[in-house]
Structure formats: C-alpha cells, structure tokens
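Here's the letter readout for the chains.
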Amino acid sequence: MALLFVIGETGPNVSVDEFNDWYDNEHAPKRLTVPGFDTARRYKAVDAQTPTWLAIYDLASPSVPFDAPYKSLVPSDKDKSIIPRLEFFTRSVWELISEQPSSALTAAPAHLLIVTCLATGQKESDELNKWYETEHIPDILAVGCTRARRYKLVESVDLTKKTNPSPDEVHNYLAVYDFPNGDYINNPAFGASVRTPWALKALAPPVQMALRRFELHKDIQNPEDKYFHFPSILPSSTRSLLLPATRECREGWQWQGDGRIDAPVRVSCDEDEIKYGVNYWSAEIVDHAGTAAYAECLKCTSV
C-alpha cells in the first residue's frame, strides 16, 4: 500500500477555476484509469498556509507511479500548458508504514485532513516511530480521528522544475489523519497529545515538523467505473436514496427522504446486498460496520 501526494499552488499565471477544471475533470480522473490507482481525493487548505491544493491517491503499491502503465500516460495539451505556469507543484510517493484502524479502500473520504510532514535522521527515526505507534496514534484516535496513516518517503519530484530542494530539506515521514469535522480543535486532549514528555523528546531538534489542515474539495470518480461511492459513511440509522438509471446521471445521485428508488440498481453495504427492480421499490440501507456503501446501475453493467 502507498500514497501519491501532490501539493500545489496556482500562483498569478493560472486561475483557480482553470486549475480546478483541469484537475477535477481531466488530470485526476485520467490517473484513476491506471491499474493500481485506487482512489483520488482533492483537498483545499483551511489553515491560511500555502500551498493551497492537495491531491492524494491511494496506490496498490509504491511501484505504481514507476510502472509502465503510468509512465505510458501521454501528457495532454492542458497538462503541457498548465503545469509549467503553476507557482508550485510537487509530487511525492510514500510507502505505508501503518494504518489504524485498517479500512477498505472504498471507505469514504475524510471531510477534514490533518497532514504532518517530518524530517528526521535514522537515529531520531527510531524514537519517533516508537512514540507514534505506542502513544500518539492511540491518543489521536481517542479525540475523534477516524483513521491514522503513516508513510515513509520513496521519492519527491518538483513537477514545475523551478526549485531543486536539497536532501536535508525534504521531509521523509508523513502522517495523515482523517476527521469527520473540526470538533477536535476544541478538545484540550488534541493539543496535549503533542506535549507529553515522550512527545517532547521524540519531536525535539533536529526533528523538523510541518503541520497542515485541509478540507475535502472533491472525491474524484473513475470515468470507467460503474460504481458510485457515496460522499460520506452511512450512519447507523436507516437512510433511503433515489437513484437515476444511467451511468451518465451519476453526478445527480442524491439522498432522498421518500424511501424510493426509481431505477434498476443494486445497493450494497458491507456484506448485505439487496436487488431492486424498476419503479419505486422501497429501500432501507443500514451501515453495520462503518463501511462505505455503493450503488451500481444494472443497466450499465448489462451492456
């Protein structure tokens, strides 16, 4: 398991609208057609820091960005036009160290991300890793974090080719924390989690740390995928939904309160599966294990 981490800033030569139209509708969806690219989520900074834009891709392995299918992608005219004009655009590949709790790739994207980048030597890494796994991650999960992942750097590349950071300026560890909302900010235990005696020792110089906060901008869908993953984990209470019949209408799928489905679809949650015919069948969907639900249009899969 791995992560492709792309962070950028538009700058004065690319408008935000141009950047987002390109990234949301061409650049990111194209990568999801490559084997090994499992998810693509885009986030926007909410901490008044730059760079502003973050894209993260769950990968089947750290080798995916170096394998032939990915390398065979041909840059589009927009790629060639926009990337050189960006103020900042860096891509890094990270190998998974640990994930708590372990979750399926179909899990819905977090509404908020806290991202911590660290630069440390091997001597400091041993102490840092012990602190993270033994104390810090359990503390973070206790204050509302729903998923905590840690990674080690494989490669970092500046795609704008405007700067060449020296090795000692590159962060070599990454932690990504999923939160459903911003309530953690008001929890004193959150700040206290990095001020324990062990934390102060593990994070002491020469360790360098940068902390960023991002809010979900868009969960990118694979243009070749017949599945739609709902934008939030289903609650424990029952909900119903109304779905159109065609794949082309996928963006219009939405929750409804009338308990009807007006298309031949299959709705799945966890291991439960219910098949519906046509014309407003009653639908009740319950999430049993905190997993994401998805819907598949049977008309699409039958052609």
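For the structure itself, consult the block above.
Residues numbered from 1 in each chain as written. Predicted model: local features only at pLDDT ≥ 70, side-chain atom pairs only at ≥ 80, totals over all residues. Heavy atoms only, no water.

Peer 1: In this structure, what is going on with the overall build of the protein chain? I would like to understand it.
Peer 2: Within the protein chain one finds 7 helices and 16 strands. In the protein chain, buried positions account for 46% of the 303 residues. Contacts in the protein chain between residues at least 24 apart in sequence constitute 76% of all its contacts with a sequence separation of at least 6. Of the roughly 14900 Å² that the protein chain leaves accessible, carbon and sulfur atoms contribute 53%. (Helix = DSSP H or I, 4+ residues; strand = E, 2+ residues; numbered from the N terminus. Buried < 20%, exposed > 50% of the residue type's maximum accessible area, 1.4 Å probe, protein only. Contact = heavy atoms within 4.5 Å. Areas by Shrake-Rupley, 256 points an atom, 1.4 Å probe, with all protein chains shown as cover.)

Peer 1: Is there a simple way to think about the packing of aromatic side chains in this case?
Peer 2: Aromatic ring pairs are reported here in terms of the distance separating the ring centres and the angle at which the planes meet. Taken as a whole and judged by the stated rule, the model has 12 aromatic pairs. An aromatic cluster of at least three residues, connected via ring pairs, comprises F19, W22, Y23, W53 and F89. (Phe/Tyr/Trp six-rings, centres within 6.5 Å; stacked < 30°, edge-to-face > 60°.)

Peer 1: What is the right way to look at the nonpolar core in this model?
Peer 2: As a rule of thumb, nonpolar side chains are buried together in soluble globular proteins. By size, the foremost hydrophobic cluster in this structure holds 24 residues, and its most contacted members are F19, Y23, F37, Y57 and F89. Mapped onto this core, the elements with two or more residues apiece are β1 (2–9), α1 (16–32), β2 (37–45), β3 (53–59) and β4 (88–100). It is α1 that provides the largest number of residues to this core, a total of 5 residues. If near-sequence neighbours (up to four positions away) are discounted, F19 is found in contact with T10, V14, R42, W53, L86 and F89. Core analysis: the next-biggest nonpolar cluster, separate from the first, contains 21 residues, L112, L118, Y173 and A175 among them. (Core = buried A, V, L, I, M, F, W, Y, C linked by side-chain atoms within 4.5 Å.)

Peer 1: Even after reading the chapter, I still don't get the pattern of salt bridges, so can you show me in this structure?
Peer 2: Note on pairing: side chains with opposite charge can pair once their charged atoms come close. Evaluated as defined, the whole model comprises 11 salt bridges. Between D21 and K78 there is a salt bridge, with its nearest N and O atoms 3.5 Å apart. Of this pair, D21 sits in helix α1 while K78 sits in helix α3 (residues 77–82), placing them 57 residues apart in sequence. The class for K78 is partly exposed, based on a relative accessible area of 38%. Here E99 makes a salt bridge to R147, at a shortest N to O gap of 2.6 Å. (Salt bridge = Lys/Arg side-chain N within 4 Å of Asp/Glu carboxyl O.)

Peer 1: Just checking my understanding: could you explain the sheet that holds strand β7 (residues 173–179) for this structure?
Peer 2: Two pairing modes exist for strands in a sheet, parallel and antiparallel, and in both the strands are linked by backbone hydrogen bonds. Judged by pairing direction, the barrel is antiparallel, and its 8 strands sit side by side in the order β1-β3-β2-β8-β5-β7-β6-β4 before closing back on the first. Pairwise comparison of adjacent strand axes, ignoring direction, gives a mean angle of 35° for this sheet. Where β2 lies against β3, 7 bridges are found, and the strand directions are antiparallel. Directly across from A40, in β3, lies its bridge partner Y57. Contacting β1, β2, β3, β4 and β8 (208–220), α1 runs over the sheet at an angle of about 165° to β2. (Pairing = 2+ DSSP bridges. Axes fitted to C-alpha atoms, helices over the stretch in contact; angles between N-to-C directions.)

Peer 1: It is not clear to me how the pairing of strand β6 (residues 147–158) should be interpreted in this structure. Could you clarify?
Peer 2: Looking at chain direction, β4 and β6 are connected through 10 bridges and run antiparallel. Bridge pairing links T90 to D158 in β6. Relative to β7, β6 runs antiparallel, the two sharing 6 bridges. If you follow K152 over to β7, its bridge partner there is Y173.

Peer 1: It is not clear to me how the side chain of R91 should be interpreted in this structure. Could you clarify?
Peer 2: Its place among the elements puts R91 in strand β4. Of note is the side chain of R91, whose polar atom sits 3.5 Å from the side chain of Y70. A polar atom in the side chain of R91 sits 3.3 Å from the side chain of E155. Discounting chain neighbours no more than four positions away, the residues touching R91 are L4, F5, V6, Y70, E155, S156, V157 and L159. (Polar contact = N/O pair within 3.5 Å; in protein donor to acceptor, adjacent residues only side chain to side chain.)

Peer 1: I tried to follow the pairing of β2 on my own but got confused; where do I start?
Peer 2: Consecutive side chains along a regular strand alternate between the two faces of the sheet. For β2, the tally of buried residues reaches 7 of 9 residues, placing the bulk of the element in the interior. Pairing geometry for β2 and β8, over 6 bridges, is antiparallel. Residue A40 lies in a different strand from β8, and its bridge partner there is I220.

The values are spatial; any link to function lies outside them.
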